[in-house]
Amino acid sequence: IAEVAVNKGARVKQGDVIARIALNDREAHLDEARALVRQRQIEYDAARQLRDKGYRAETHFAAAEAQLDSAKAMVKQMEVEIGRTVLRAPFDALVDDRMVELGEYVDGGTEIALLVDEHPFLVVAQVSEQDVTRLRPGGEGFAVLFDGQTVQGRIRYIAATAQPDTRTFRVELEVDNSARRLRDGVTAEIH
């Protein structure tokens, strides 16, 4: 990790830099790939001229064209790899945790930060098979939180299949959290 741009508790906007991974030799590989494209372009142009004059077989021209395409693909691959060294927030969020520190080594798939999308929030419940038939997506509902606060919302999702061990169905009530007062993981009762 070459740069850590956020701390726990920070709010980020979509596109904000979270961290940067060191480029190491990626730029050198990109330069090498671009040089190979220039070489393959010269070879391709020469092969085309020879083919057009009848001095070279179509197969030689096709091989030069394939090598040029391959070299261009290597440039694109290196550009994508370099682009992946800048880790950005995919949405507006709260940085709830940061798992890396400056100088730490990371591999692909390493968790960098835990981002929480605070608005809207979901209140999730498991509903019995007797009650689930009375619910419809888009229907209104409310939840009473552990502290007695009541929040209004709409049913966003009703599972099509039951949990095998409890025979209950997941139901998600989407509620407004634009004031950012709700917290993830608190106990609630859905109505």
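As the structure is a prediction and not an experimental result, all values here were calculated from the model. (Residues numbered from 1 in each chain as written. Predicted model: local features only at pLDDT ≥ 70, side-chain atom pairs only at ≥ 80, totals over all residues. Heavy atoms only, no water.)

Engineer: Could you give an account of the packing of helix α1 (residues 26-52) against helix α2 (residues 58-83), naming the residues involved and the relevant values?
Structural biologist: Remark: α1 packs on α2, axes separated minimally by 8 Å, with the N-to-C direction vectors making an angle of 160°. With respect to α2, the element α1 is oriented roughly antiparallel. Regarding α1 and α2, the two cross each other, and that crossing is left-handed. Class assignment for the residues of the contact of α1 with α2 results in 14 nonpolar, 4 polar and 12 charged. (Axes fitted to C-alpha atoms, helices over the stretch in contact; angles between N-to-C directions. Helix = DSSP H or I, 4+ residues; strand = E, 2+ residues; numbered from the N terminus. Parallel < 35°, antiparallel > 145°, perpendicular 65-115°, else oblique. Left-handed = near helix turned anticlockwise from the far one by under 90°. Nonpolar A, V, L, I, M, F, W, Y, C, P; charged D, E, K, R; others polar.)

Engineer: Quick one: what's the story with the sheet that holds strand β11 (residues 188-190), residue by residue and with numbers?
Structural biologist: The sheet built from 5 strands is open, its strands ordered β7-β10-β9-β8-β11 with antiparallel pairing. In this open sheet, the two edge strands, each paired with only one partner strand, are β7 (121-128) and β11. Taken pair by pair, the neighbouring strands of this sheet meet at an average axis angle of 40°, ignoring direction. With 8 bridges connecting them, β7 and strand β10 (residues 168-175) associate as antiparallel partners. Residue pairing in the sheet places Ala 125 in a bridge with Val 171 of β10. (Pairing = 2+ DSSP bridges.)

Engineer: Any chance you could break down the layout of surface pockets for me, citing the residues and the numbers?
Structural biologist: The computed volume of the largest pocket comes to approximately 340 Å³. Along the walls of the largest pocket sit 19 residues, with Ile 21, Arg 84, Leu 87, Thr 110 and Ile 112 positioned nearest its centre. Class assignment for the residues of the lining of the largest pocket results in 9 nonpolar, 4 polar and 6 charged. Computed from the structure, the second largest pocket encloses a volume of approximately 280 Å³. Lining the second largest pocket are 17 residues, with Leu 145, Leu 182, Arg 183, Gly 185 and Val 186 positioned closest to its centre. It is β7 that contributes the most residues to the lining of the second largest pocket, 4 residues altogether. (1 Å grid on protein atoms, 1.4 Å probe; cavity = no way out; pocket = protein on both sides within 12 Å on 5 of 7 lines; lining within 4 Å. Points joined across faces, edges and corners; volume = space filled by probe spheres on them.)

Engineer: Can you lay out the packing of aromatic side chains for me, pointing to particular residues and giving the numbers?
Structural biologist: Counting across every chain of the model gives 1 aromatic pair. Taking the centre distance of 5.2 Å and the plane angle of 35° together, the rings of Tyr 44 and Phe 61 count as tilted. One end of the pair, Tyr 44, is in helix α1; the other, Phe 61, is in helix α2, and 17 residues separate them in sequence. Here the two residues Tyr 44 and Phe 61 agree in accessibility, since each one is buried. The ring of Phe 61 has Arg 51 lying over it, and the distance from NZ or CZ to the ring centre is 4.0 Å. (Phe/Tyr/Trp six-rings, centres within 6.5 Å; stacked < 30°, edge-to-face > 60°. Buried < 20%, exposed > 50% of the residue type's maximum accessible area, 1.4 Å probe, protein only. Lys NZ or Arg CZ within 6 Å of the ring centre and 35° of its normal.)

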